[in-house]
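What follows is each chain in one-letter form.
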Amino acid sequence: MALGGLVSEYGWKGNRARFAGGIMQIIEVTGFAVRSAVITMRRRGTPLEFVIFPMVHVASPTFYSQVRIRLRECDLIVMEGIRGKSAGVSALTLAYRFAPRRRRNGLQEQREELLLPKDVPVINPDVTAAEAIADLKALPRWMYLLLMVAAPVMGLVFALRGPRAFLDEDQVVEDLPSTLRAEMMADDPVGQAMTGRRDQRLLDALGEIHAERSDESIRVAVVYGAGHVPAIVSGLRDRYGYRPREAEWLTVLIPA
């Protein structure tokens, strides 16, 4: 059963996200803007709730400030972030680090100091840089080398095109693929290599929080890239019985 059916009562009332046609929208892209759906998941009989923030690495400053405001209302933050450094990881991040450097683009790169409130505890269950690169090197060699070359080229394209580069249907994220192209992208071996181990670590960490603190009335923020969110939502549902109950749109960017 698609998750969208569980929360279809949320329409376009105010800034509530709409989940229609059995598909839960996570990142929405229109001809005018990019929006991210902040999703609250609850489990019947326990007060703990998970609030999932689908993040993008480059956005308007307003998006990050709106996320920060909402994180202040949470009791614990589970934060994405590959630990340590490596030349390979640095090469990959060039795909999004170029665009914010052009001031005319009006964009910022996601950074912890833009997001994290001072007094909310943070945990990071992510992989190390060495583990991330090891997973990528398990791909066919030609695929790994092509990825390392393509990342900086994509970064230059994004920087030159500006915010409109992000108004692309491939940037859409939903809980279930809704088109043949989306299904092919979901099965992409590069994407699996980049997210598989990381998703597993995250879900294990969320499981520990559920086991230890599910009887507490707390809000646990999960601040991870939007590409991880389908696995987060399905994992919390299938493993621990949490369901999406509320969702709110935040505007990621509006091209000038």
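Engineer: What am I meant to see in the overall build of the protein here?
Structural biologist: The secondary structure content of the protein amounts to 8 helices and 10 strands. In the protein, which comprises 256 residues, the share counted as buried stands at 48%. In the protein, 79% of the contacts between residues at least 6 apart in sequence involve partners at least 24 apart. Surface exposure of the protein reaches about 12,900 Å², of which carbon and sulfur atoms provide 54%.

Engineer: I'm lost on the packing of helix α4 (residues 129-137) against helix α7 (residues 189-213) in this one. Help?
Structural biologist: Orientation of α4 relative to α7, taken along the N-to-C sense of each, is 140°, at an axis distance of 8 Å. Taken together, the axis directions place α4 and α7 in an arrangement best described as oblique. The element α4 and its partner α7 pack so that their crossing is right-handed. In contact with Glu-131, Asp-135 and Leu-136 of α4, α7 contributes Val-190, Ala-193, Met-194, Arg-197 and Arg-201. Residue classes in the contact of α4 with α7 are distributed as 4 nonpolar, no polar and 4 charged.

Engineer: Quick question: what am I supposed to make of the pattern of salt bridges here?
Structural biologist: Once their charged atoms are close, side chains differing in charge can pair, the charge on each being opposite to the other. In total, this model carries 14 salt bridges according to the counting rule given. Measuring nitrogen to oxygen at the nearest pair gives 2.9 Å for the salt bridge that ties Glu-248 to Arg-70. Placement of Glu-248 in strand β10 (residues 243-253) and of Arg-70 in helix α1 (residues 61-71) is noted, with a sequence separation of 178 residues between them. By relative accessible area, which is 23% here, Glu-248 ends up partly exposed. The closest approach of N and O atoms between Arg-111 and Glu-113, which form a salt bridge, is 2.8 Å. Look at Arg-111 and you get partly exposed, because its relative accessible area is 36%. Note on Glu-113: relative accessible area 55%, which makes it exposed. Residues joined by salt bridges that share partners form a network here, namely Arg-42, Glu-49, Arg-219 and Glu-246.

Engineer: Explanation requested: the confidence of the model for the protein in the structure shown.
Structural biologist: In the predicted model, the protein carries a mean pLDDT of 80, and the fraction of residues at 70 or more is 74%. Here helix α6 (residues 180-186) stands out as the element of the protein with the lowest mean pLDDT, 50, in contrast to strand β5 (residues 76-79), whose mean of 98 is the highest.

About the thresholds
Residues numbered from 1 in each chain as written. Predicted model: local features only at pLDDT ≥ 70, side-chain atom pairs only at ≥ 80, totals over all residues. Heavy atoms only, no water. Helix = DSSP H or I, 4+ residues; strand = E, 2+ residues; numbered from the N terminus. Buried < 20%, exposed > 50% of the residue type's maximum accessible area, 1.4 Å probe, protein only. Contact = heavy atoms within 4.5 Å. Areas by Shrake-Rupley, 256 points an atom, 1.4 Å probe, with all protein chains shown as cover. Axes fitted to C-alpha atoms, helices over the stretch in contact; angles between N-to-C directions. Parallel < 35°, antiparallel > 145°, perpendicular 65-115°, else oblique. Left-handed = near helix turned anticlockwise from the far one by under 90°. Nonpolar A, V, L, I, M, F, W, Y, C, P; charged D, E, K, R; others polar. Salt bridge = Lys/Arg side-chain N within 4 Å of Asp/Glu carboxyl O. pLDDT = per-residue confidence, 0-100.

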